[in-house]
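Descriptive structure summary
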Amino acid sequence: MRSPFFVLSAAALLAGAAFAASPMSVTTLVEKEVVVRDTKGGVKVNRIPALTVVPGDTVVYTYNLKNGGKAPSENIIIVAPIPAQMKYIDKSATTQSTIVTFSVDAGKSFGEAAKLEVTDKDGKRRPAGAGDYTHIRWVMSVPLDGGTARAVAFRAVLE
Amino acid sequence: MTMFNVRLTRWVAAAVVATGAFLAPQSAQAAGTAAGTTVSNTATVNFNVGGVPQTAVTGSATFVVDDKVNLTVTNNSGATVVPGSTNQVLAFTLQNTGNKTHGYSLAASLGSGITMNNVRIYRDINGDGNFDGGDTLYTGGTNAGDLSADATMRLLIVSDTPVGATNGQVSNYQLIATTLNAGTTTVTAHDNAIADDKDTQQVVFADAAGPGAGDAVRDGKHSATGTYTVSTATLTVTKTSTVVSDPFNGTTNPKRIPGAVVRYSIVVTNTGAANATNVVVRDAIPASTTYAASTITLNAGGLTDAGGDDAGDINATNPGEVTVAVGALASGGGTGTVTFDVTVN
């Protein structure tokens, strides 16, 4: 598959066929951050499609949300897993018009980053770090009007 | 109304069959996620329209972790060698710091300094850094052995020191390892020149440059330098004579006339960097003089004239000569002093 986009899962398509086409769609974009030097000696970070990825690379996951219907969608909640091989980069999740919470228990529960705890190997409770997160949840505080789109994103490093 | 009927998809799959190269494809290794691992991410979106929960929609993306070729060669020890010594050892460690099993070809080359003889590469099977019986000779151009991610191999450069080497000379040898495809002698090629494909495992060189000739950054090679330092004893000999007495002046301002007693003093000093052992001083009794009986000394201690009873003799070990076994002289200035007296004929 050449395109980094994957449109809808089979389940969503089936559901749409059985009832009405879902007004909402989400596409996941995976990009890699690369550091490039410009001619003036400066450094900037570019994003390129994540086609060649090796350990140590920083990957950006972007979820493009589109409301193809006419009515606004409310109470939008986006849940994204952080792949097991990847480590979330602290504070990299976009926060515009959303409340971002994290899970350290495979998505069973979510909480603010500062309040999450995990149990260490030796049985002690400690504050959770970015490496402990398994899922990210964005709860949108504003509706998405029909015919508009919005994106959320986070960055992670391939371990 | 809010709904929390969230479906989660979080899975990994190893796209290639583990060959023993991966202890566990998902386990965290220093080298990172194993090449060929598929990393998948599916986001789920729940939403309401007009206050009514709708069917969740999902979007997913996957990519295959590529073959990160990385290796390090490190030098563990140099060697202090003496001229003419054989099987002198420089010890190295080769580590696969990439995320996939690879083989390696090896080469040893002179970086700078004197050329050693009979230079070979051995696999240090027991990993002790010494050259011993179980170590196996590496043949140029072959695969020295496959290493899984994070695994190491101990290697030795073994050579002989030229007889003509002198104290303080150095010889820097470089061990260069080149990445091969596992189980083959085919040099691994990077995939920079071909189109990227997120679903195919591709080769990315990630190694640093090394000191070896032609070992650049990101070339699938790495190298390290080991140093032989020649250390040998350097002996200097100083011989002086003093007149002890003559038949007329006695010991007061004696002169070198017939019948005078002359004392020879031979000082041997080791100014080299290595200890000298079995140092022997031989000195012939000069013409027109006669050895004065029982006058041999070594470091101010008297020795007999006879052979075999102590460190020195006259006319026994070597006819017509004084012979004294000085023994060991320490590096950095150890000295031995031999004296004997003669009478001027």
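About the criteria used
Chains are numbered independently. Their residues run from 1 in the order of the written sequence. Note on labels: chains are lettered from A, ligands numbered from 1, in written order. Local features are withheld for residues below a pLDDT of 70 in this predicted model, meaning they are given only at 70 or higher, and side-chain atom pairs are given and counted only at 80 or more; totals for whole chains, interfaces and linings count all residues. Remark: hydrogens and water are excluded; side-chain values derive from all non-hydrogen atoms of the structure. Helix and strand definitions here come from DSSP, where helices need a minimum of 4 consecutive H or I residues and strands a minimum of 2 consecutive E residues; each element is numbered from the N-terminal end. The classification of residues rests on relative accessible area computed with a 1.4 Å probe and restricted to protein chains. Under 20% of the type maximum is buried, over 50% is exposed, and intermediate values are partly exposed. Note on areas: these come from Shrake-Rupley sampling with a 1.4 Å probe, and a residue is covered only by the protein chains present in the view. Among buried residues, those of type Ala, Val, Leu, Ile, Met, Phe, Trp, Tyr and Cys that are joined through side-chain atoms within 4.5 Å constitute a nonpolar core. Any two strands with at least two DSSP bridges between them are considered paired. Note on geometry: axes are lines fitted to C-alpha atoms, helical ones only across the stretch in contact, with angles between N-to-C directions running from 0 to 180 degrees. Patch membership is restricted to residues that have no salt bridge and whose relative accessible area is over 30%. Joining uses 9 Å for like charges and 5 Å for the nonpolar side chains Val, Leu, Ile, Met, Phe, Trp and Tyr. Within this document, salt bridges are pairs made up of a side-chain nitrogen of Lys or Arg and a carboxyl oxygen of Asp or Glu, the two lying within 4 Å of each other. For every residue, the predictor reports its confidence as pLDDT, a number between 0 and 100. Here a residue-residue contact requires only that any non-hydrogen atoms of the pair lie within 4.5 Å.

Some thoughts on the overall build of chain A
The secondary structure content of chain A amounts to one helix and ten strands. The secondary structure elements of chain A, listed N-terminal to C-terminal, are α-β-β-β-β-β-β-β-β-β-β. The proportion of buried residues among the 159 residues of chain A is 42%. In the form shown here, chain A has an accessible surface area of approximately 8300 Å², with 56% of it arising from carbon and sulfur atoms.

A closer look at the nonpolar core
Core analysis: the biggest nonpolar cluster contains 40 residues, and W138(A) and F154(A) have the highest contact counts within it. In terms of residue count, the dominant contributor to this core is strand 2 (residues 37–49) of chain B (five residues). Counting residues in hydrophobic clusters, the runner-up holds 25 residues, among them M116(B), L147(B), L155(B) and A165(B).

Some thoughts on unusual backbone geometry
Negative phi values dominate among residues other than glycine, just as trans dominates among peptide bonds. All names here are of chain B. Despite not being glycine, S294 shows a phi value in the positive range, around 55°. Looking at where S294 falls in the secondary structure, it is placed in the loop between strand 19 (289–291) and strand 20 (297–298). Since its relative accessible area comes to 56%, S294 is described here as exposed. In the Ramachandran plot, A300 falls in the positive-phi region, its phi being about 75° despite a non-glycine side chain. One can find A300 in the loop between strand 20 and strand 21 (301–302).

Some remarks on the pairing of strand 9 (residues 135–140) of chain A
Residue and element names in this part refer to chain A. Of all six residues making up strand 9, five are buried, and the element is well covered by its neighbours. Pairing analysis gives five bridges linking strand 4 (residues 73–81) to strand 9, with the strands arranged antiparallel. Bridge pairing links I77 to V139 in strand 9. The sheet contact formed by strand 6 (residues 98–103) and strand 9 spans six bridges and is antiparallel. When the bridges of strand 9 are listed, F102 appears paired with I136.

Digging into the sheet that holds strand 5 (residues 86–88) of chain A
Residue and element names in this part refer to chain A. Here five strands make up an open sheet; going across it, the order is 2-1-3-10-5 and the pairing antiparallel. Of all strands in the sheet, those bounded by a partner on one side alone are strand 2 (43–49) and strand 5. Looking at each pair of strands side by side, their axes are set apart by 40° on average, direction ignored. Sheet topology places strand 1 (residues 24–37) next to strand 2; seven bridges connect them, and they run antiparallel.

Describing a nonpolar patch on the surface
All names here are of chain A. On the surface, V35, V43 and V45 cluster together to form a nonpolar patch covering roughly 280 Å² of accessible area. Looking at the secondary structure, you find V45 in strand 2. For V45, a relative accessible area of 49% gives the class partly exposed.

Overview of the confidence of the model for chain B
Chain-level statistics for chain B give a pLDDT mean of 88 and a share of 90% at 70 or above. Here residues 1–28 of chain B is modelled with pLDDT under 50, and outside its nearest four sequence neighbours on either side it reaches 55 contacts, counting other chains as well.

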